[in-house]
Each structure stands twice: as structure tokens, then as C-alpha cells.
Amino acid sequence: TMQRGTSSPCVYVFVVDTCLEDEDLQALKESLQMSLSLLPPNAVIGLITFGKMVHVHELGCDGISKSYVFRGSKDYEVKKVQDYLKLSSSPNKFLQPVGKVDMSLTDILSELQADPWPVPQAERPLRSTGIALSVAISLLECTYPNTGARIMLFTGGPCTQGPGRIVSHDLKELIRTHHDIEVGNCGYMKKASKHYANLAERAAKNGHVVDIFACALHQTGLSEMKPLCNLTGGHMVLGDAFDTSLFKQSFQRVFTTDSQNQFKMAFGANMDVKVCRELKVSGAIGPVVSTGRKTSFISDIEIGIGGTSGWKLCGADPSSSVSVFFEVVNQHATPIPQGQLGTIQFITSYQHSSGQRRVRVTTIARNWVDASLSPQHVAAGFDQECAAVLMSRIAVNKAEHDEGPDVLRWLDRMLIRLCQKFGEYSKDNAHTFQLADNFALYPQFMFHLRRSQFLQVFNNSPDETAYYRNKLNREDVSTALVMIQPVLYSYSFNGPPEPVLLDSRSIQADRILLLDTFFHILIFHGETIASWRKQKFQDQPNHENFRQLLQAPIDDAQDILRTRFPMPRYIDCDDGSSQARFLLTRVNPASTHNNTNPWGQEGGGASVLTDDVSFQVFLDHLKKLAVTNSA
């Protein structure tokens, strides 16, 4: 018998960076004021602002603004925050229901000014991000432990003082790059990462979510702060400025509601796994933290967060997903019963945004098959899309600790083993190699994964890499596949829009291409189309078909932009323009400057300036290795 838990309101704490340009700060203030109208009246709200100092604002004070100030250069223990804010002896003045303080909070936000401390020339502003987050987590620890709550950080630059500092305030010192991390030239990173990891563990222990909205043209420290989102299930949004539609729309979509007008979010979820005796739990990869649940079916082989059969998701939404990995074992020295059922059960409980506690139980049963005796039965149940996403998450998890080339070699070995096991071929004859239909796309997924920004950090900042990997590890299979192998659509006068291969040969002069990488939506105009557009043919009445052709990909792009979270960057470019690189770096380089004659090539297509091998060369080499025993 289950007891229905009491409903409790959700808590939101805004942690706002005031070291911003006036236009950026004004746009952020307007977005925050807008969000108040989206919250239910019983939702509890709090406000912390920070620059050189950290201000915890008292709410509900009519006619006067009061705040308690913390120095940004030193850390505060939970007890000191509790005593200074008098959280144990008086009513909570810092966290109040929205319906009670919406007017006074709106006034506080409208009067919010940029950080008054002067910034000398050639210096960065003193920004106390690490202490602001520490105070916010302490505030919730003392007042709403083990209750659904979100700490929403809005920052426009790197932390430059106190615990969590990632760079000096002197602009002569450049913020760390991947190369600096590789050679150990990043003096602040180790301490900062440890500080934010400790904060993430404290938040996760109490079931509190930390969202990060980082909007700046330079790095803000996402690489160090990533445990805050990765362990608590918080949102991570990376943008250029707070006055862009990317931030405004993404922030608004956090508060999307369902048909019953309830937010599409859950808090304090616990997921326990139970298995039959032939299985053991190896671990999980996703926005989870271990609950330390010890059972007899925990594997010694850890993948991701292992050593437990239970995990906590502090925050979840309809697109949240977790990868759970198992090991097949034979504990009793008896053969696994062929044809009988192996079972896995997931027991998930969570706090709905309405405040109710809900439980969902999912039980899976599959027949046992000996892969050495009946490989065709195993092959028939292979899901290549799901397998590609699982392998990509393991690879990204390895990439956090191992060298890049080592991860690529591991991926290659696993792919070769799969092809040797399930491919059909004559020994030492690569021309006879073939894969079944439900395996045929898997090598293609691995090819694009190897070239993706998840494993190739060149030309990406550490912050961007942390952002990309965060999204891959938390989105569902169909969305993650778009990240691994982007979708390309073609628009031309030859017929209706159609999907085309992600290949350089798909780039034609008389085509418009729409590329969806999840992070970017790009419309690319071929050379001829771009020339007609520059001549304004679309504005002439007798070229209505051309106007409609130009409009079609724009309409399709808008459909994607309207629903996706976070909102992707929108790029409109022509052949030969600098932004065409976003397309050229993702397509299979079937034709490059090395294999194309100077007078063009048969069948058209663009020539990509790269030393990367094409998918066909990759596949041919894979076949040769698969058909030999020495691979």
C-alpha cells in the first residue's frame, strides 16, 4: 500500500550576474520579469545578485529594497550563512510565494543596476560566481532540504575572484584552452573544478537542480561548472548575449506546460533497478548521481556511475534519458537457460511539478539466446540507432579522462569486433563482406561520431565541448542521433523537398540545403541559387516559383526553431561564404582537394579542403580488417 505524499510547491532561486553591459542586463531583467507571470502563485521564489559582492535580496519589503551582502573573495560554511541570514530564528524573508511578492520582486528587478565597482582598463570585472552559487545552495539546504527546487544561474563572464575562480582579472592572462589543459597550463582549473563539484554534490544530496544560462562571446567557465548540471539534471544553455532570441526563447521554454497547465518538469526522481540472477548492473550514464544503493547484483565492471543499483535524478523533463549498462554473468556455474526470460525492472519515483509524488514501474523481459550458437537471433534484436547512442555516451565518458586517440582506437576496435561477429564474408576477401539491414547504418554512425565535436576538440573551447557533451548525455535517442549524424534536406526545382546524404556530393549549385545538427539550423544556398537571390529575382512577379523555393526551407527551419530546447543557432549562408564552414565540416568529404581534378568532377558536388578520409575509404579499410583474424 502506497501513501500519497503531501503536495509541496516548487522553489526557484534566480542567481543573477550584474557584471553585464547595460543592454544585456536590461534584456535579462525583462526575461526574468516575464518568467514571474509563468510561475504559479504558490511557487516559491528567491533572488541573489552578484558582482564583486554577493547580495541576497529580502522580498516583501514594501517601499524599500533590502539585501544581505557577502564578500565574494571568501567562502562561507552553511552554518555561517544560516546565522547571518537568521534562517532558523525568523520567518524566511528571502524565499516567498510568487503570488505574495510578484510586485515587489518586479520592482527590485527593474531597479537592478550593473555592478557599481569600477573596472580598470585592461582588466576583467570582479565576478564572484563561485560564492553566489555556494550561498544559494546553502540557503536552500537550510530552508527546503529534499524538496523540488531550481537554482537558475545567469552569467555573462568567467568567475574572477574567490573560490571557483577560473581566470585572473588581468586581461593579459588568457582563459584556458584545450591545449592549455593538455599541457597542464591552467593554474585555476583544478581548484575551481573541485569547488563546483563539491557544490554539485551538496545540491544533488538535497535534490536541488542547478541550471546554467551562460551568455557571452567569450568563455564563462562551463567546463569547470559542468558537474552542477551533469549531476543535478539541470539545463545548460550557451549563447552569445542575453538580448538574443536564443536565450529569450530557451529560457521561456523551461516553463513549458502540458495539457493540464502543469510544467513539463519533475524533481527528486529516484530510479532503482532490479534484475534476474543472470544479470548484474554495471552503471549508468546521464544526468544522475549515485544513491549508494548496494545490492547483490552490482557488477565489478563499472561503466559511467557504477557501484550502485540506484540513482537520483534531481531534475527531469520529457526528453531526459539515462543509459543503464548491464553485464551478463553466470553466478551458479550452470548454463544460462536458453529460451527462458531474462528480466529487468526499473522503479522510478519523482515529484511532479504539481507537487504530487508519483511512481512508475517498467518491467522488461527478453528471451535468453546463446550468441555462439544462434547469432542470428541476437542479430535480429539489434537496434543500431540505440547502439550508436550508447556507444557514443561511453566514448564521451572515456574522453573525459583518457587521451583522444585512445578513445578513437577503442571505438575502432569495438566496431571491428562487431563486424567480425555479425558480418557475412569469406575469410581474407573484403569484397564479400556485407552487413544485414539492421547493422548497415552502424558503421556510418561511428564514422560521423569519430569526426564530431564530441570527440574532436579542435576549434572548440573547453566550454563548448562541455556543452555539447552535456546535451548528448541527456537527450533521447532520436535527438542524440541528429547530433551524431546531422540531417540534411535538399530543396530544388526538380521536385519536393527530400532528405539527402550528408555528403559533399549533395552540395549542388542549383540546390538549397537545410542542415539540422541540433545545435545549429543552417540554410545553405548553392552558387546558382545565391547568384539569383543577389539579383533579387524573388522580388519579380514572374519568378514566384523561385520566391517559394527560397521560402520553403525558411518555413521548415522555423518549425524546428519553435519547438527545440535549447533553441539552436540559426544560420543563413551562401556557397563560398565563411559560415558555409558549418556545413562543410559535417559532410562526408567524398571529394577533397586531394582527389578532385582542377577542372571539377563528374556529378558535381563541392570539394572539401580536408585531410580526413571519406566514408568509403573508412568502410573499405573496415572491411579489410574485419575479414582478417589479425584485426
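Criteria and thresholds
- Residues numbered from 1 in each chain as written.
- Predicted model: local features only at pLDDT ≥ 70, side-chain atom pairs only at ≥ 80, totals over all residues.
- Heavy atoms only, no water.
- Helix = DSSP H or I, 4+ residues; strand = E, 2+ residues; numbered from the N terminus.
- Rg over C-alpha atoms; globule rule 2.2 N^0.38 Å.
- Buried < 20%, exposed > 50% of the residue type's maximum accessible area, 1.4 Å probe, protein only.
- Contact = heavy atoms within 4.5 Å.
- Salt bridge = Lys/Arg side-chain N within 4 Å of Asp/Glu carboxyl O.
- Pairing = 2+ DSSP bridges.
- Axes fitted to C-alpha atoms, helices over the stretch in contact; angles between N-to-C directions.
- Phe/Tyr/Trp six-rings, centres within 6.5 Å; stacked < 30°, edge-to-face > 60°.
- Lys NZ or Arg CZ within 6 Å of the ring centre and 35° of its normal.
- Patch = residues over 30% accessible without salt bridge, like charges linked within 9 Å, V, L, I, M, F, W, Y side chains within 5 Å.
- Areas by Shrake-Rupley, 256 points an atom, 1.4 Å probe, with all protein chains shown as cover.
- Lys, Arg positive; Asp, Glu negative; His and termini not counted.
- Charge placed at Lys NZ, Arg CZ, Asp CG, Glu CD.

**With respect to the overall build of the protein**
Looking only at helices and strands, the protein has 18 helices and 22 strands in total. Compactness check: the protein gives a C-alpha radius of gyration of 27 Å against a globular reference of 25 Å for 631 residues, within 12% of the reference. With respect to the principal axes defined by its C-alpha atoms, the protein has extents near 80 × 75 × 50 Å. The proportion of buried residues among the 631 residues of the protein is 51%. Considering only residue pairs separated by 6 or more positions, the protein has 72% of its internal contacts joining residues 24 or more positions apart.

**Considerations on the pattern of salt bridges**
Per the stated rule, a full pass over the model turns up 22 salt bridges. In this structure, Glu 224 and Arg 176 form a salt bridge, with 2.7 Å as the shortest nitrogen-oxygen distance. Separated by 48 residues along the polypeptide, Glu 224 in helix H7 (residues 222–232) and Arg 176 in the loop between strand S6 (149–155) and helix H5 (178–183) bring together distant segments of the chain. The burial state of Glu 224 is the same as that of Arg 176; both residues are buried. Arg 176 serves as the salt-bridge partner of Asp 463, at 2.8 Å between the closest nitrogen and oxygen. Placement of the pair is Asp 463 in helix H13 (residues 462–472) and Arg 176 in the loop between S6 and H5, with a sequence separation of 287 residues. As far as burial versus exposure is concerned, Asp 463 and Arg 176 are alike and both buried.

**What to know about the sheet that holds strand S20 (residues 512–516)**
The five strands lie next to each other as S19-S18-S20-S21-S22, forming an open sheet whose pairing is mixed. Bordering the open sheet on either side are strand S19 (495–499) and strand S22 (569–574), each of which pairs with just one other strand. For this sheet, the mean angle separating the axes of adjacent strands, direction not counted, is 15°. Note: strand S18 (residues 487–492) against S19, three bridges, orientation antiparallel. Note that in S19 the partner of Tyr 489 across the bridge is Pro 499.

**Re the environment of His 520**
With respect to the element layout, His 520 can be found in strand S21 (residues 520–525). On the basis of relative accessibility, which here comes to 15%, the residue His 520 falls in the buried class. Remark: the alpha-carbon pair of His 520 and Leu 449, spanning 71 residues in sequence, is separated by 17 Å. Contact partners of His 520, with chain neighbours within four places excluded, come to Tyr 468, Leu 515, Pro 568, Arg 569, Ile 571 and Phe 582.

**Points about the packing of aromatic side chains**
Applying the stated criterion across every chain, the model contains 30 aromatic pairs. Ring plane angle 80° and centroid distance 5.0 Å describe the contact between Phe 70 and Tyr 76, whose orientation is recorded as edge-to-face. In this structure, Phe 70 and Tyr 76 share a single accessibility class: buried. Note on Phe 213 and Phe 247: the rings are 5.9 Å apart at their centroids and 85° apart in plane angle, and the pair reads as edge-to-face. With Phe 213 in strand S7 (residues 208–215) and Phe 247 in helix H8 (residues 245–253), the pair connects residues that are 34 residues apart, well separated along the chain. With relative accessibility at 0%, the residue Phe 213 sits in the buried group. For Phe 247, a relative accessible area of 0% corresponds to the buried category. Lying across the ring of Trp 410, Lys 398 places its NZ or CZ 5.0 Å from the centre.

**Points about a negative patch on the surface**
Together, Glu 21, Asp 22, Glu 23 and Asp 243 line one region of the surface with negative charge. With respect to the element layout, Glu 23 can be found in helix H1 (residues 22–38).

**Looking at unusual backbone geometry**
Omega for the peptide link from Phe 565 to Pro 566 comes to -10°, which places this bond in the cis form. With respect to the helices and strands, Pro 566 occurs in the loop between helix H16 (544–563) and S22. We note that Ala 122 has phi near 65°; this positive angle belongs to a residue other than glycine. Note that Ala 122 resides in the loop between helix H3 (98–110) and helix H4 (129–143). Even without a glycine there, the phi angle at Phe 518 is positive, about 80°. Examined against the element boundaries, Phe 518 turns out to sit in the loop between S20 and S21. Classification of Phe 518 as buried rests on a relative accessible area of 3%.

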